[in-house]
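Working through the structure, step by step
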Amino acid sequence: MEKRSLAYEGKAKKLYETDDESVFLVEYLDQATALNGAKKDAVKGKGQMNNQITSQIFEKLTVKGIQSHFIEKISKNEQLVKRVEMIPLEIVVRNVAAGSFSKRLDITEGTDLPFPITEFYYKEDRLDDPFINDDHVAFLQVATKEEVQKIKELALQVNHLLQELFLSIDIRLIDFKIEVGRTEDGTILLADEISPDTCRLWDVNTNDHLDKDVYRRDLGDLIPVYEEVLQRLEEKGA
Ligand code: UDP
């Protein structure tokens, strides 16, 4: 597969055209950002870690029947994905109160939620990715009501499978964010990445943070923590 021109540059990834117009090459960068880009640092080795972790997770989800954009990992920091029309939403699923949920509703971080809570954020930098509901999604013509239903079902299915996967390596899935895309025939596919950048992961025994909160909250070095997650996934991840 030939890497051609740069199609899109995000905060932590670059997307390239390839000689197959239905395939993009994603390069994971050694860059950490938080607070919508206000905090930004070069972190050597992070791109490789996230590419490897995301690839492992997407492969495991594929085996469990989740349709995604992921094709294959082709190098330490690159993977091939199917070209889809991205839906400009961040879909968050929460099992335990943390982060913005704890702040907004004044719920102590670490409180178990009685059922998984799904949230939508509209991906629009100009507006700082506002929290929106199903009606807003339809009003903004970001997705139809039927698609919203499908997206929620997919998010909950992914939550169930990820909880199972992470528990098998002694990690609690506190919350996570996914993004989805639409194929030409209208199928909704899981897209983007699933990694410690996009999940809150707490060690089952110590409640230590094994995710980007280490960076967001200045709790220490990110790389050893991401290495720990990758190592556990490679060694015994279900
Ligand atoms: N998240 C993400 N990208 C974002 C915002 C959130 O991947 O731009 C993930 C984050 O890692 C966490 C979940 O979504 O696992 C919920 O994040 P929250 O709304 O609590 O926001 P935060 O406290 O991170 O600002």
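Structure shown above.
Just so you know, these numbers come straight off a predicted model, no measurement behind them.

Calculation notes
- Residues numbered from 1 in each chain as written.
- Predicted model: local features only at pLDDT ≥ 70, side-chain atom pairs only at ≥ 80, totals over all residues.
- Heavy atoms only, no water.
- Pairing = 2+ DSSP bridges.
- Helix = DSSP H or I, 4+ residues; strand = E, 2+ residues; numbered from the N terminus.
- Axes fitted to C-alpha atoms, helices over the stretch in contact; angles between N-to-C directions.
- Contact = heavy atoms within 4.5 Å.
- Near = heavy atom within 4 Å.
- Polar contact = N/O pair within 3.5 Å; in protein donor to acceptor, adjacent residues only side chain to side chain.
- Areas by Shrake-Rupley, 256 points an atom, 1.4 Å probe, with all protein chains shown as cover.
- Expected span 1.5 Å × (residues − 1).
- Buried < 20%, exposed > 50% of the residue type's maximum accessible area, 1.4 Å probe, protein only.
- Salt bridge = Lys/Arg side-chain N within 4 Å of Asp/Glu carboxyl O.
- Core = buried A, V, L, I, M, F, W, Y, C linked by side-chain atoms within 4.5 Å.
- Phe/Tyr/Trp six-rings, centres within 6.5 Å; stacked < 30°, edge-to-face > 60°.
- Lys NZ or Arg CZ within 6 Å of the ring centre and 35° of its normal.

Moving on: the sheet that holds strand E1 (residues 3-9). The sheet built from five strands is open, its strands ordered E1-E2-E3-E7-E6 with antiparallel pairing. Only two strands of the sheet have a single neighbouring strand rather than two, namely E1 and strand E6 (70-75). For this sheet the average axis-to-axis angle between neighbouring strands, irrespective of direction, equals 30 degrees. Taken together, the four bridges between E6 and strand E7 (residues 78-82) define a ladder with antiparallel strand orientation. By the bridge assignment for E7, Lys 73 is matched with Gln 79. Running over the sheet, helix H1 (residues 46-63) touches strand E3 (23-28), E6 and E7 and is turned about 145 degrees from E6.

Before going further, it helps to spend a moment on the site of the ligand. Of all residues adjacent to the ligand, which total 15 residues, the nearest are Arg 94, Ser 100, Asp 175, Arg 200 and Arg 216. At 3.2 Å, a side-chain N or O of Glu 90 approaches an oxygen atom of the ligand. Between Asp 175 and the ligand, the recorded distance is 2.6 Å, taken from a side-chain N or O atom to an oxygen atom. Contact with the protein chains hides 76% of the accessible area of the ligand, taken as 500 Å² for the molecule alone. For the shell around the ligand, the secondary-structure elements that each account for two or more residues are strand E9 (89-96), helix H2 (99-105), strand E12 (171-182) and strand E14 (199-203).

Before going further, it helps to examine the pairing of strand E2 (residues 13-18). As judged from the four bridges shared by E1 and E2, these two strands associate in the antiparallel manner. Considered in E2, the bridge of Glu 9 is made with Lys 14. Where E1 folds back onto E2 in an antiparallel hairpin, the turn is made up of three residues. Sheet analysis places E2 next to E3, joined by five bridges and oriented antiparallel. The residue of E3 that forms the bridge with Leu 15 is Val 26. Linking E2 to E3, which pair antiparallel, is a turn of four residues.

Side chains of residues three or four places apart in an α-helix project in the same direction, reflecting 3.6 residues per turn. The first and last C-alpha atoms of helix H4 (residues 145-167) sit 33 Å apart over 23 residues, in line with the 33 Å expected at 1.5 Å per residue. Within H4 the residues assigned to the buried category are Glu 147, Val 148, Ile 151, Leu 154, Ala 155, Val 158, Asn 159, Leu 161, Leu 162, Leu 165 and Phe 166.

Burial runs high along E12: eleven of the twelve residues are buried. Relative to E12, E9 is paired through four bridges, and the arrangement is antiparallel. Opposite Ile 91, over in E12, you have Ile 178 as the bridge partner. Summarising the sheet, E12 and E14 pair through five bridges and their orientation is antiparallel.

The next subject is the pattern of salt bridges. All chains considered together, the criterion is met by 27 salt bridges. For Arg 200, the salt bridge is made with Asp 213, and the minimal N-O distance between the two is 2.6 Å. One end of the pair, Arg 200, is in strand E14; the other, Asp 213, is in helix H5 (residues 213-216), with 13 residues separating them in the sequence. Exposure remark for Asp 213: the relative accessible area of 1% places this residue in the buried category. When the shortest N-O distance is used, the salt bridge between Glu 228 and Arg 232 registers 2.7 Å. Taken together, the residues span about one helical turn, with Glu 228 and Arg 232 both in helix H6 (residues 222-236) at a distance of four residues. With a relative accessible area of 29%, Glu 228 lands in the partly exposed category. Members of the salt-bridge network, linked through shared partners, are Arg 94, Arg 104, Glu 109, Glu 119, Asp 175, Arg 200, Asp 213, Arg 216 and Arg 217.

If you look at soluble globular proteins, the nonpolar side chains tend to sit buried side by side. With 50 residues, the main nonpolar core has Ile 57, Leu 61, Val 158, Leu 162, Leu 190 and Ile 194 as its most contacted residues. The element that contributes the greatest number of residues to this core is H4, accounting for nine residues.

Further remarks concern the packing of aromatic side chains. Tallying each qualifying case throughout the model produces two aromatic pairs. Here Phe 58 and Phe 70 contribute two aromatic rings whose centre-to-centre distance is 6.0 Å and whose plane-to-plane angle is 35 degrees, an arrangement assigned as tilted. Of this pair, Phe 58 sits in helix H1 while Phe 70 sits in strand E6, and the two are twelve residues apart along the sequence. On the basis of relative accessible area, Phe 58 is assigned to the buried category, the value being 1%. The ring of Tyr 215 has Lys 39 lying over it, and the distance from NZ or CZ to the ring centre is 4.5 Å. For the cation-ring pair, Arg 104 lies above Phe 131, with the distance from its terminal atom to the ring centre recorded as 4.2 Å.

From the geometry alone we can't say anything about function, so treat these as descriptive.
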